[in-house]
Amino acid sequence: MKITTRPSSAGPSLLGGSIELPVNPCLHGPARRVAPWTGEVGTTGSVAVVGAGKMGLPLAAHFASHGWDVTAVDVQESVVAAINEGRSHVTEEPGLAELVRDAHAAGRLRATLDGAAAAREADVVVLIVPVMLDDEQQPDYRYMDAAVASIAPGVHEGSLVIFETTLPVGDTRHRFTPRLEAASGLRADEAFFVAFSPERLYSGAALRNLATYPKLVGGVGAASTERAARFYASVLDAEVVAMSGAEAAEFSKLADTTYRDVNIALANEFARYADRIGVDVQEVIAAANSQPYSHIHQPGLGVGGHCIPVYPHFLLARAPEMELVALSRRVNDGQVGVAIRAIQKALGGLEGVPVLVLGVTYRHGVKELAYSRALPLIERLAFHGASVSAYDPLLSEDEIARTGATPYRWGEPSDARAIVTQTADPLWGELDFGRFPALEVLFDGRNSLRDVALPERVAYHGVGVPAARQAGRRAAVGAR
Ligand SMILES: NC(=O)c1ccc[n+]([C@@H]2O[C@H](COP(=O)([O-])OP(=O)(O)OC[C@H]3O[C@@H](n4cnc5c(N)ncnc54)[C@H](O)[C@@H]3O)[C@@H](O)[C@H]2O)c1
């Protein structure tokens, strides 16, 4: 079943479409505030957003900007205090500070530590606290279990509870709905509603994505799906797609993220082969992708962040037979070893060798260390005897030191014999190689420096990008 409740300005459906999505204009007229909210078109109600972090706060502020009365719930007092002062504690989201300030000033956004009270007063509860992995690569539910326990006593007749956090397939129905029913004494899909709707926003573009990405919704029954679709239709400018159920919606998020992990693993294998035969993998991928059915991603040092490396394990936790998924995780995690072996080979070993790692967050521009490939990179370089320093424009010296590396000060002279770039920060293009008189190797972990002119003594290693390219570049620079 696919019900499009809100057509997109880009066409009848964006499912399967391009990543260059237009921002849909807001077509919502002034809405009538009703209590209780029953899903009637043209009306708004009250919503509690549980987990006011990098994703939850943009959601809360956006809902408020569309006429909803919003209470953000968080366990961190500093987060609650900031929101109640009209401040955004999330700094890397363009436009968010203004949205939070305006929503607070308009009296439509406040925050609390009390999940039960917020749920009691809300028509809709959106849960967006993290579910991560434990040491055995199994889903770690501690935050979500606590969040569900905190709101459950406030669930009442007519409540709509939506899980936006990525979950293993079946959790909405089998893990969480029974807890909500037990605490409220009410039957789901009859007296109250429960749905899953994956949050697919991209950190740093969350507010823009809210007006572009189709919103997928699947309930534990038809009534829940319908109520949740009506909620999003009232509050989002993007297409809303009602799916056949919570499981299909849960699976869709795991399918999307796992597809990317597997695709990147394939690109990494292509890069290893390209390295072996001296062919430029980026040239190959660009050429292959000129066939409309080919969508090969880019190779690199591996995959970080708390989404793409995590969600394949959510699939594997329930479907261990997915061999390709498990293998792809291993291939991507193995890219750190590829970098280390290349440097070892170029320098004849790492014992006592000063190595500088540039980029410690999982991707440039996002202050997030979760699953960053810099962490095993630093650890393994040190294990092989290297003296590791690191720099990231988003991290303080203390934060760098906590990774086990010595903080490097941007622009200062360094005795590094090797540099490894772990992010594609445009800042690396401004590197002054004159500050690195001992530098012999540049390992370009994201292939972002392939066109940078290097001194003659520095060997270039990209991921599937032959050093010959750089030799040509050096010759061209030298000839000028
Ligand atoms: N960050 C991303 O790029 C991204 C992208 C798409 C989807 N998501 C989804 O969003 C989820 C949350 O990610 P995030 O980046 O916003 O996390 P985050 O760590 O930035 O924020 C989580 C917030 O939840 C709060 N919290 C923890 N336990 C709580 C509880 N019991 N009750 C209330 N609040 C609680 C924390 O204090 C924190 O403020 C992820 O697990 C993922 O499923 C994230």
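Residues numbered from 1 in each chain as written. Predicted model: local features only at pLDDT ≥ 70, side-chain atom pairs only at ≥ 80, totals over all residues. Heavy atoms only, no water.

A. Just the pairing of strand 15 (residues 387–391), in detail. Across the five residues that make up strand 15, a large majority, four, are buried. With five bridges connecting them, strand 14 (residues 354–358) and strand 15 associate as parallel partners. Across the sheet, the residue bridging to Val357 is Ala390, located in strand 15. One crossover worth recording links strand 14 to the parallel strand 15 by way of helix 14 (residues 374–383), and it is right-handed. Across two bridges, strand 15 lies against strand 16 (residues 406–407) in parallel orientation. (Buried < 20%, exposed > 50% of the residue type's maximum accessible area, 1.4 Å probe, protein only. Helix = DSSP H or I, 4+ residues; strand = E, 2+ residues; numbered from the N terminus. Pairing = 2+ DSSP bridges. Right-handed = clockwise from strand over helix to strand, strands pointing away.)

B. Highlighting the site of the ligand. For the ligand, the set of nearby residues contains 25 residues, the closest of which are Lys54, Met55, Asp74, Gln76 and Thr166. In the environment of the ligand, a nitrogen atom lies 3.5 Å from a nitrogen or oxygen atom belonging to the backbone of Tyr143. Separating a nitrogen atom of the ligand from a backbone N or O atom of Ala147 is a distance of 3.4 Å. Among the elements that make up the shell around the ligand, the one with the highest residue count is helix 5 (residues 142–151) (three residues). Class assignment for the residues of the shell around the ligand results in 14 nonpolar, seven polar and four charged. (Near = heavy atom within 4 Å. Polar contact = N/O pair within 3.5 Å; in protein donor to acceptor, adjacent residues only side chain to side chain. Nonpolar A, V, L, I, M, F, W, Y, C, P; charged D, E, K, R; others polar.)

C. Structural context of the packing of helix 11 (residues 311–318) against helix 12 (residues 323–333). Where helix 11 meets helix 12, the closest approach of the two axes is 10 Å, and the angle between their N-to-C directions is 145°. Judged by the sense of rotation from one axis to the other, the crossing of helix 11 with helix 12 is left-handed. Counting all contacts with helix 11, which are made through Pro312, His313 and Leu316, the residues of helix 12 involved are Val325, Ala326 and Arg329. (Axes fitted to C-alpha atoms, helices over the stretch in contact; angles between N-to-C directions. Left-handed = near helix turned anticlockwise from the far one by under 90°. Contact = heavy atoms within 4.5 Å.)

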